[in-house]
Amino acid sequence: MTVLEQHGPTDRSVLRRRRSSGEDGRDGRGRVPSALPILHYGFRPFFLLAALHAGLAIPAWLWMFRTGWSPAGPFAALDWHVHEMLFGYLGAVIAGFVLTAVPNWTGRLPLSGGPLAGLVGLWFLGRAANLTVGDPLLAMAADLAFPAVLAAAVWREVTAGRNWRNAPVAVMLTLFALANGLHHTGNFELSAAAPGLRLALGVATVLIALIGGRIVPSFTRNWLARNGDGRLPASFGIVDKTALVATVTAVAAWVALPDLQATGGLLVLAGTLLAVRLARWRGDLAAREPIVLVLHLGYGWLAAAVLLLGAAILAPGLPPSAAIHALTAGAVGTMTLAVMTRASLGHTGRAIEADGWTLAIYAAVSAGALLRVAAPFADTHYLALLTAGGTLWSLAFLLFALRYGPILSKPRKS
């Protein structure tokens, strides 16, 4: 069972019945056999697109930063960089994840073939509009089509499958689409762009806390059990519930009231509880298996980022960009690559093992994130660390595209 198959109860009998019926010309796995392999499941095109976008957009931003050039679209260079990393790269990862996970949660058929290609086209439309369309209203309409359709599709599946346990994921997707729109409204001078960005980062934080909190102990437990180690991660309990409630509360306060000292205190408390939660999952034992260890590293980045966000409010002398990049380059970057590598192997019938390429991917994203977080503290060396961190971080995603692109583009191994 792979990372996308362990997030909630599945009515397996319904799933088998629908897939075996040949509905819509599907095969036994719910795929459209006549489609290209890359369009068989949502993770295939969107994980590859996310990697390519992250790998190319960061060097483009570094070039813009050095030259002062801005794209012809509605955003200035810095706003384009922020928007594309959140709603382009992260949006593609989220799409690949939920489009593959939701059928396993609900027992319904996956989005495959032509409809999946159409959603990919909407993602491309948004990227092109933000780069080239100067009319802010037209650019916003084009860019919002993708997250709006994705959220609507997930709501439809959750509702039709009566899978209310995973309705919070559909809520998060809706908020993510709203955050995209809020960021665009800054181009109309209708509102500040910052609330939209905080909302998007808040959604990312909650998703990692929630879904990461399922998969990290689950896969650690499975790996330890297979290797005969009885020292298993702690079961879900009061510590986990308290950490999640504290995280949601702190994130909501940060989105709405980011400058209050009380918000800073809530964030520090939430980060501490996330770290305590992680410590109960036997990451010390997982160090022997990189493809499990990287999940712990990603969750560790989340705890550190939430702590830093709170510290930056309580101690205004601390650079807030360090906390933001601990969340984005650290937690989001590491956790998404952890999920993308594992799911790409497992869902294509390959052994879930980290080869040399995958180890290089993990090392590059970790080193890149560390350098990017350290850059604001480096004074005269800021630009050097910024460039080195961005280069290593983007290299991790380009390596993913090189190593996993052929896997995602080929039929599943039987």
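For the structure, check the block above.
Small disclaimer: the values here were computed from a predicted structure and weren't measured. Numbering of residues begins from 1 in every chain and follows the order in which that chain's sequence is written. Where totals are concerned, whole chains, interfaces and linings use all residues; where local detail is concerned, this predicted model gives features only for residues with pLDDT of at least 70, and gives and counts side-chain atom pairs only at 80 or more. Neither water nor hydrogens contribute to the side-chain values; these are computed over all heavy atoms in the structure.

**A few points about the packing of aromatic side chains**
In step 1: Only the six-membered ring of Trp is used, alongside the rings of Phe and Tyr, when aromatic pairs are assigned; centres must lie within 6.5 Å, and planes under 30 degrees apart are stacked while those over 60 apart are edge-to-face, with the rest tilted. Tallying each qualifying case throughout the model produces 13 aromatic pairs.
In step 2: Aromatic side chains F97 and W105 sit 6.5 Å apart centroid to centroid with 65° between the ring planes, which places their arrangement in the edge-to-face category. Grouping residues by exposure puts F97 and W105 together as buried.
In step 3: A ring pair is formed by W123 and F124, whose centres lie 5.2 Å apart and whose planes are at 80°; its orientation type is edge-to-face. Note on exposure labels: buried denotes an accessible area under 20% of the residue type's maximum, exposed denotes more than 50%, and partly exposed covers the range between, all computed with a 1.4 Å probe on protein chains only.

**A few points about the nonpolar core**
Soluble, globular proteins show a tendency: their nonpolar side chains are buried together.
In step 1: F46, Y89 and Y299 are the most contacted members of the largest nonpolar core, which has 123 residues in total.
In step 2: Runs of E in the DSSP output that reach at least two residues are strands. Runs of H or I that reach at least four are helices, and both are numbered from the N terminus. Among the elements that make up this core, the one with the highest residue count is helix α3 (residues 77-106) (17 residues).
In step 3: Every residue in contact with Y89, bar those within four places of it in the chain, is listed here: A50, H53, A54, E84, V332, G333, T336, W393 and F397. Here, nonpolar core refers to any group of buried Ala, Val, Leu, Ile, Met, Phe, Trp, Tyr and Cys residues whose side-chain atoms link them within 4.5 Å. Note on definitions: a residue-residue contact is assigned when non-hydrogen atoms from the two residues lie within 4.5 Å.

**Things to note about the packing of helix α11 (residues 290-314) against helix α13 (residues 356-374)**
In step 1: For helices, the fitted line uses only the C-alpha atoms of the stretch in contact; every axis is such a line through C-alpha atoms, and the angle between N-to-C directions lies from 0 to 180 degrees. Running from N to C, α11 and α13 point in directions that differ by 15°, and their axes come no closer than 11 Å. In this view, α11 runs roughly parallel relative to α13, as classed from their interaxial angle. Two packed elements cross with a definite hand, and for α11 against α13 that hand is left-handed. Taking contact as the criterion, the partners of P290, I291, V294 and W301 in α11 are, on α13, L359, Y362, S366, A369, L370 and V373. For this classification, under 35 degrees means roughly parallel, over 145 means roughly antiparallel, 65 to 115 means roughly perpendicular, and everything else is oblique. Two helices crossing with the near one rotated counterclockwise from the far one by less than a right angle form a left-handed crossing, whereas a clockwise rotation gives a right-handed crossing.

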